[in-house]
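# Breakdown of the fold
Now for the letters of each chain:
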Amino acid sequence: MKTVNLLISIIMVAATLPVSGCFMTLEQRWEAFDAKMRQEVGVKTKNYYVREWGQPTRRAKAEGGGEILRWESRAYGGAQGWNKALMFGPDGILKEFQRDYWPKEQ
């Protein structure tokens with residue numbers, strides 16, 4: 001009986017995971033992204049983001065020997081999209097980030 005109850009509990013939790021983020025607005029999802037990124041400043045490396053997000057759209061050298069990596073996405077002929085720019089120090093550690101998206105929800 002304990003095995004059945006455990007199995008039912010696991011199935012119930014697993015069933016709610018995919019829909020838990022569906023009720024967030026676009027603005028709330030970006031706010032969650034910002035909060036996550038603030039926690040990763042000074043911790044995550046350039047290699048981590050390339051591994052997780054794929055090759056960046058653009059690369060540039062930053063002052064002080066660091067690097068700026070930019071990921072971009074465009075949809076619907078450019079009517080919708082986002083830019084994520086991550087700035088890394090010479091040691092490859094994330095120093096700061098910026099992001100922009102459009103169109104914003106009304």
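Located above this text is the structure these notes cover.
Residues numbered from 1 in each chain as written. Predicted model: local features only at pLDDT ≥ 70, side-chain atom pairs only at ≥ 80, totals over all residues. Heavy atoms only, no water.

Most of strand 3 (residues 80-88) sits out of view: 7 of its 9 residues are buried. Pairing of strand 2 (residues 67-75) with strand 3, which is carried by 9 bridges, proceeds in the antiparallel orientation. Counted as the bridge partner of Glu67 is Phe88 from strand 3. Bridging between strand 3 and strand 4 (residues 94-102) involves 8 bridges; their strand directions are antiparallel. In the strand pairing of strand 4, Phe88 is matched with Leu94. In this structure, the hairpin formed by strand 3 and strand 4 is closed by a connection of 5 residues, where Gly92 is found at a positive phi of approximately 85 degrees. (Buried < 20%, exposed > 50% of the residue type's maximum accessible area, 1.4 Å probe, protein only. Helix = DSSP H or I, 4+ residues; strand = E, 2+ residues; numbered from the N terminus. Pairing = 2+ DSSP bridges.)

Every buried residue of helix 3 (residues 46-53) is listed here: Tyr48, Tyr49 and Val50. At its buried positions, helix 3 is contacted by helix 2 (26-40), strand 1 (58-61), strand 2, strand 3 and strand 4. Phi turns positive one or two residues past the end of helix 3, at Gly54, with a value near 90 degrees. (Contact = heavy atoms within 4.5 Å.)

One pass over the full model with this rule turns up 8 aromatic pairs. Taking 5.1 Å as the distance between ring centres and 10 degrees as the angle between the ring planes, the aromatic pair formed by Trp30 and Tyr101 counts as stacked. Taken as a pair, Trp30 in helix 2 and Tyr101 in strand 4 lie far apart in primary sequence, 71 residues in all. Both rings, one in Phe33 and one in Trp53, keep their centres 6.2 Å apart while their planes meet at 35 degrees; by these two values the pair is tilted. With a gap of 20 residues between them, Phe33 in helix 2 and Trp53 in helix 3 connect regions that are remote in the sequence. The exposure class assigned to Phe33 is buried, which follows from its relative accessible area of 14%. Through a chain of ring-to-ring contacts, three or more aromatic side chains come together here, namely Trp30, Phe33, Tyr48, Tyr49, Trp53, Trp71, Phe88, Phe97 and Tyr101. The aromatic ring of Trp82 is capped on one face by Lys84, whose charged end is 4.3 Å from the ring centroid. (Phe/Tyr/Trp six-rings, centres within 6.5 Å; stacked < 30°, edge-to-face > 60°. Lys NZ or Arg CZ within 6 Å of the ring centre and 35° of its normal.)

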